[in-house]
Amino acid sequence: MKILFYDTKSYDRESFDRQLANYPGIEIDYLKGDLAPKSAVMAEGYDAVCAFVNSDIRAETLESLNQHGVHLVLMRCAGFNNVDLETASRLGIRVLRVPGYSPEAVAEHAMMLALAANRHVHKSYVKVRENDFSLGGLMGYNFYQKTAGIVGTGKIGAAMARICHGFGMKVLAYDIHHNPSLDFAEYVSLDELLAQSDLISLHCPLTEENYHLICRETIRQMKDGVILVNTSRGGLVKTEDLIEGIRARKFFAVGLDVYEEETPNVFEDRSDEILEHSVTARLLSFPNVIITSHQGFFTEEALTAISQTTLENAVSHEKGMDTPNEVTAH
C-alpha cells in the first residue's frame, strides 16, 4: 500500500518512520502541504492519503481523490468534523480514524491550562524574567472542594474527571451516555452543570447539535468568576460571545488549546506576521486568557499510539477487515 502523508511535521515523520519497520507492505511519501482540493491531485498513484484535524476534506477534495484512484482516508486523529462523510460514502471512500491515542495527554493539558490560568502562571513567568517578584495580579483560588463540570465523559473527559476528583473537587458531568467508571461523579443536566461549576472543561466532539454550545445564553447561566477550559474543538465556543463575557468579567480565567480561528495557525510559525483583525490577537489581549497551540495531544506516548493505530487501520483496509475505527455518515 502506498500512502501520501499530508501536512508533515518533523515529529510526524520520525514517529511514523519508527513504526514502518513493523509494516513492510506499507510505503509512505511525505508532503509539507496540507490536504485540500488543489493538493488532492498529488495523490495520483497512491492507495490512501493520511490527513489531520485541519485538513480540508470536503466534497471537492473527496471528488478529486476519487478521480485519482484514492479510496481510503486515514485520519491520524480522533476528530473527523472536517470530513464530508456523506460524499465519502457516496464515492466509496473509506474513512478510518484514531479514536483514542492518549486520553490522559489531553486531560493533563486541560488541567494544566486550568491551573496556569487560575494562578496566572503566564504573567508570573514574564514578571520574574524581568526581576519583578511582586505578587500583584497573581491571586488565584484553591481547586480543593470546588466544583468541576465536565462536559463530555468519553475517554478524555473521564480522564479529566478523575484528575479533578484527585484534586478533591466535586465532579459534575454532562453527557448523553453515562460512563459507569465515574462512580464518584454526579450526572446532571447541562443547565445545572453550568450554574454550579467553578471550573468547566469541554471534552465533547463537535456536531451540528452542539456547535456554539458555549454562547451568550449558556455563558449567562454560569457562575460569576468561572474558569472555562476548551481542549476539544474550537467550534464549541462562539468566540464573539466569549470575548463579550470576558469583558463583562464573567470569567475568572479562560484556557484554550482550540479556538474558532485556529485553522491557519495550527502547527505553523506565524511569528513574523501581523495578525490583522484577528480574534486570536483579541483573546491574547486579555490578561486572564491563556492560549496554547493545539498541543493537548502532543506527548511521546500519544504520537506512538497515533502512528501505530493509523498503520493498523491501513492494514485492516488492505485485508478488507471491519474495524471500530471506521467513521460513516450514518
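Residues numbered from 1 in each chain as written. Predicted model: local features only at pLDDT ≥ 70, side-chain atom pairs only at ≥ 80, totals over all residues. Heavy atoms only, no water.

S.K.: Let's hear about the layout of surface pockets: which residues, and what values?
M.R.: Its boundaries defined by the atoms lining it, the largest pocket holds a volume of some 1500 Å³. Around the largest pocket sit 48 residues that line it, and Cys204, Pro205, Leu206, Thr207 and Ser232 are the ones nearest its centre. If one sorts the elements of the lining of the largest pocket by residue count, helix α6 (residues 155-166) sits on top with three residues. Of the residues that constitute the lining of the largest pocket, the class distribution is 21 nonpolar, 18 polar and nine charged. (1 Å grid on protein atoms, 1.4 Å probe; cavity = no way out; pocket = protein on both sides within 12 Å on 5 of 7 lines; lining within 4 Å. Points joined across faces, edges and corners; volume = space filled by probe spheres on them. Helix = DSSP H or I, 4+ residues; strand = E, 2+ residues; numbered from the N terminus. Nonpolar A, V, L, I, M, F, W, Y, C, P; charged D, E, K, R; others polar.)

S.K.: Quick rundown of helix α1 (residues 10-20)? Include the residues and the values.
M.R.: Within the span of α1, buried status applies to Asp12, Ser15, Phe16, Gln19 and Leu20. For α1, the angular spread of the buried residues around the axis is 140 degrees, confining them to a single face. (Buried < 20%, exposed > 50% of the residue type's maximum accessible area, 1.4 Å probe, protein only. Arc of directions from axis to C-beta.)

S.K.: Tell me about helix α2 (residues 59-67), residues and numbers included.
M.R.: Among the residues of α2, Thr61, Leu62, Ser64 and Leu65 are the ones counted as buried. On an axial view of α2, the arc spanned by its buried residues comes to 160 degrees, and they lie on one face. Pointing more than 90 degrees away from the buried face of α2 are the exposed residues Glu60 and Gln67. Check the buried side of α2 and you find it contacts β3 (48-51), β4 (72-75) and α3 (85-91). Positive phi shows up at Gly69, right after α2, with a value of about 85 degrees. (Contact = heavy atoms within 4.5 Å.)

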